[in-house]
Amino acid sequence: MPLYPETEPYDHGLLDVGDGNHVYWETCGNPDGKPALVLHGGPGSGCTPGHRRYFDPAVYRIVLLDQRGCGRSVPHASAHDTDMSVNTTRHLLSDLELLRRHLGIERWLVWGASWGSVLGLRYAQTHPGVVSELVLTGVATGSNAEVALLTHGLGRFFPDAFARFLAELPEDADRTGNLAAAYSRLLESPDPAVRARAARAWTDWETAIVPAPPRSVPRYEDPAFRMAFARTVTHYFGNDHFLGPDNDEGVVLRDAPLLAGIPGTLVQGGLDFGNLLGIVWRLERAWPDSELVLVDRAGHHAGAPGVVDVLVAATDRYGARG
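The structure reproduced in this document is the subject of the present report. (Residues numbered from 1 in each chain as written. Predicted model: local features only at pLDDT ≥ 70, side-chain atom pairs only at ≥ 80, totals over all residues. Heavy atoms only, no water.)

Focus on the environment of W111
Link 1 in the chain: As for its position among the elements, W111 is in strand β5 (residues 108–113).
Link 2 in the chain: Take W111: its relative accessible area is 0%, and that puts it in the buried class.
Link 3 in the chain: Taking the C-alpha atoms as reference points, W111 and H40, separated by 71 residues in sequence, lie 8.6 Å from one another.
Link 4 in the chain: Contact partners of W111, with chain neighbours within four places excluded, come to L37, V38, L39, H51, Y54, F55, V135, A302, L311 and T315. (Helix = DSSP H or I, 4+ residues; strand = E, 2+ residues; numbered from the N terminus. Buried < 20%, exposed > 50% of the residue type's maximum accessible area, 1.4 Å probe, protein only. Contact = heavy atoms within 4.5 Å.)

Structural data, given as structure tokens:
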């Protein structure tokens, strides 16, 4: 089942969410259709036109936003003087509610990829009355165990890239501790050269742990994107995803029973490294209204062959429910 044709927004704007932040949003498709909210990954990736194409534009009122600090939202995290203390999960959840009320939406389907699945799950757990369904891919829960896997754990599979990743850290840094927090400190350095090297090293590691050579992702060649992305990801990874200090096994997974009554579809690539912890299976078992679809030979990317088909089929099915 292919993606739907490209479509353009019929409305957009910058929403004042407080703390000096203005969040970019746009709406596409049918203004009278079933509302659907798209949550991008990262944190810090920003939404793209491709995200609109997972929904039938005749059926859905599709809402996209750039979360704080990224995309077309302002201020941008690439600017060193942007205050990251007001960019936390709590702030993002509040922004979603402000946007929902601003658009006059009572309930909406929530679609999320990677970090967007973490945010979508937590949003549904804390605001269950406004989420009609969940469609999630590249599923994660934001636990400290997942962060440890993505930094330390995968080093045994990519030893050369991991050595380069560690080499950027200062000699006195704890290489057995929280590497994301260590990189976050580098990305807050007053020295722009230190910040630039750290952003490049972080995104090199990001690309090394997927089936592509280092620096192969075009968006990482944009210095502003690279800096904002690395700064935001390490800010969240290094601070328990702002889900609390008891997040080792996962607050989101712990609270999965709160999702009861919300239908959900979990679409996971069989080659997604996050599967090594078994979290998506544990989530499905703890959430009785969910279904898990495993796509062979696919990784973490929402645009992978097979993954697209299942995601579009899920939004079509939920769209038919009205």
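Back to the text.
A word on the pairing of strand β6 (residues 131–137)
Link 1 in the chain: Burial runs high along β6: seven of the seven residues are buried.
Link 2 in the chain: In this structure, β5 lies alongside β6, joined through five bridges in parallel fashion. Residue W108 lies in a different strand from β6, and its bridge partner there is V131.
Link 3 in the chain: As a crossover connection, the stretch from β5 through helix α2 (residues 115–126) into β6 is right-handed.
Link 4 in the chain: Alignment of β6 against strand β7 (residues 264–269), held across four bridges, turns out to be parallel. (Pairing = 2+ DSSP bridges. Right-handed = clockwise from strand over helix to strand, strands pointing away.)

Geometry only, nothing functional implied.
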